[in-house]
Amino acid sequence: MNEEKSADVAARAVRRLATAILDARSHGAANPDVAAEISALADRFEAVAADPGDCIGGKVGTHDGVLERSPVSGAKNPVAIPLRFEPGDDGEASARTAFPTQYQGPAGFVHGGVSGLVLDVAMAVANSGVGRPGVTAEMTLRYLRPVPLYREVTVRGRYIRAEGRKTWARGTIEVDGEDAVVCDGLFVTKELSL
């Protein structure tokens, strides 16, 4: 297995492990032997890990290599959900997912901050799809109804318009085809020449 593929496989395994640990604990199934094994494996990886400063990649104002490490869509990030955004027509990006336990806020529902994080990335992906990558300057979230755990939802980002360095977008999380969370965002590009 090559290094690129093994990073993706390891990240998926850690995501599965995180969900299993949370779900097992909620049923009183803690296992000290497994805990020791996991701790020893973490020690092994920490011993060979690069300096954190050497791991920062990508360029400001672009998505060059950033999405693979994203806490939302990063296949190589073990804390990512991960969402796989599909580009659509007219500056839209969408993905489907079901949020597991580690994203819980109120019992049985996704944490509102996680919803905001997910919509920030959805809007950024949509903006990048029309050649308007940038950084988030402002987000306004409206929570219309709770987003349930373990139920398929649709996440959408939509490019709205641009003016100079500013780009506006909207993101939604839909449950059963209805908006549950709506976010309006303002993004700013690094340079004026696009």
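Every chain begins its residue count from 1, and numbering advances along the sequence as written. Selection of residues for local features in this predicted model requires a pLDDT of at least 70, selection of side-chain atom pairs for listing and counting requires 80 or more, and totals for whole chains, interfaces and linings are taken over all residues. Excluding hydrogens and water, the side-chain values take into account all heavy atoms of the structure.

Remarks on the confidence of the model for the protein
Reasoning step 1: Scored from 0 to 100, pLDDT reflects the predictor's confidence in each residue. Scored by pLDDT, the protein has a mean of 84; 83% of the residues are at 70 or more.
Reasoning step 2: A low-confidence stretch, residues 59-64 (pLDDT under 50), is modelled with 11 contacts involving residues beyond four sequence positions or located in other chains. When checking whether two residues touch, look at their non-hydrogen atoms; a contact exists if any pair is within 4.5 Å.

Focus: the environment of Thr189
Reasoning step 1: Helix and strand definitions follow DSSP, with helices as H or I runs of at least four residues and strands as E runs of at least two, each counted in order from the N terminus. Secondary-structure assignment places Thr189 in the segment after strand 6 (178-188).
Reasoning step 2: We classify Thr189 as buried; its relative accessible area is 2%. Exposure categories follow from relative accessible area, calculated using a 1.4 Å probe and restricted to protein chains: below 20% of the type maximum is buried, above 50% is exposed, and the middle band is partly exposed.

Comments concerning the pattern of salt bridges
Reasoning step 1: When a carboxyl oxygen of Asp or Glu lies within 4 Å of a side-chain nitrogen of Lys or Arg, that pair is called a salt bridge. Under the defined criterion, the tally for this structure stands at 10 salt bridges.
Reasoning step 2: Across the salt bridge formed by Asp176 and Arg151, the nearest N and O atoms sit 2.2 Å from each other. A residue pair is termed long-range when its members are at least 10 positions apart, and Asp176 in the loop between strand 5 (166-175) and strand 6 and Arg151 in the loop between strand 3 (135-143) and strand 4 (153-163) qualify at 25 residues.
Reasoning step 3: For Asp176, a relative accessible area of 55% gives the class exposed.
Reasoning step 4: Arg156 is the salt-bridge partner of Glu174, the closest N and O atoms lying 2.8 Å from each other. You can see Glu174 sitting in strand 5 and its partner Arg156 sitting in strand 4, a full 18 residues away along the chain.
Reasoning step 5: Note on Glu174: relative accessible area 10%, which makes it buried.
Reasoning step 6: Among the ionic contacts, a cluster of salt bridges with common partners joins Glu92, Arg156, Arg158 and Glu174.

Thoughts on the environment of Ser70
Reasoning step 1: Among the structural elements, Ser70 can be located in the loop between helix 2 (32-48) and strand 1 (86-87).
Reasoning step 2: Note: C-alpha distance between Ser70 and Ile81 (11 residues apart in sequence) is 9.5 Å.
Reasoning step 3: Filtering out sequence-adjacent residues up to four positions away, Ser70 remains in contact with Asn77, Ala80 and Val121.
Reasoning step 4: Engagement of the side chain of Ser70 in a polar contact is seen with the backbone nitrogen of Ser73, the distance being 3.1 Å. Distance and chemistry together define a polar contact, namely a pair of N or O atoms within 3.5 Å, with one atom able to donate a hydrogen and the other to accept it when in protein, and with adjacent residues in sequence counting only for side-chain atoms on both sides.

What about the packing of aromatic side chains?
Reasoning step 1: Think of it this way: a Phe, Tyr or Trp ring, Trp meaning its six-membered ring, pairs with another when their centres are within 6.5 Å, and the plane angle makes it stacked under 30 degrees, edge-to-face over 60, tilted otherwise. Enumeration over the complete set of coordinates arrives at one aromatic pair.
Reasoning step 2: Here Phe99 and Tyr103 contribute two aromatic rings whose centre-to-centre distance is 6.2 Å and whose plane-to-plane angle is 75°, an arrangement assigned as edge-to-face. Take Phe99 and Tyr103: they sit in the same class, and that class is buried.
Reasoning step 3: Two conditions define a charge located above a ring, namely a distance within 6 Å from the ring centre to NZ of Lys or CZ of Arg, and an angle within 35 degrees of the ring normal. The ring of Trp168 has Arg161 lying over it, and the distance from NZ or CZ to the ring centre is 3.8 Å.

Some thoughts on the pairing of strand 4
Reasoning step 1: Here strand 2 (residues 92-97) pairs with strand 4 via six bridges, running antiparallel. Paired with Ala95 across the bridge in strand 4 is Val155.
Reasoning step 2: A pair of strands counts as paired when DSSP detects no fewer than two bridges linking them. Sheet topology note: the strand 4/strand 5 ladder contains nine bridges and is antiparallel. Note on strand 5: the bridge partner recorded for Tyr159 is Ala169.
Reasoning step 3: Linking two consecutive strands that pair antiparallel, namely strand 4 and strand 5, is a turn of two residues; a positive phi of about 60° is found at Gly164 within it.

So, helix 3 (residues 112-129)
Residues spaced three or four apart along an α-helix face the same direction, because each turn holds 3.6 residues.
Reasoning step 1: By definition here, a helix of n residues has an expected span of 1.5 Å times n minus one. Given a rise of 1.5 Å per residue, 18 residues ought to cover 26 Å, and the 26 Å separating the end C-alpha atoms of helix 3 matches this to within 8%.
Reasoning step 2: Where burial is concerned, most of helix 3 is hidden: 13 out of the 18 residues are buried.
Reasoning step 3: Gly131 lies just past helix 3 and shows a positive phi near 80°.

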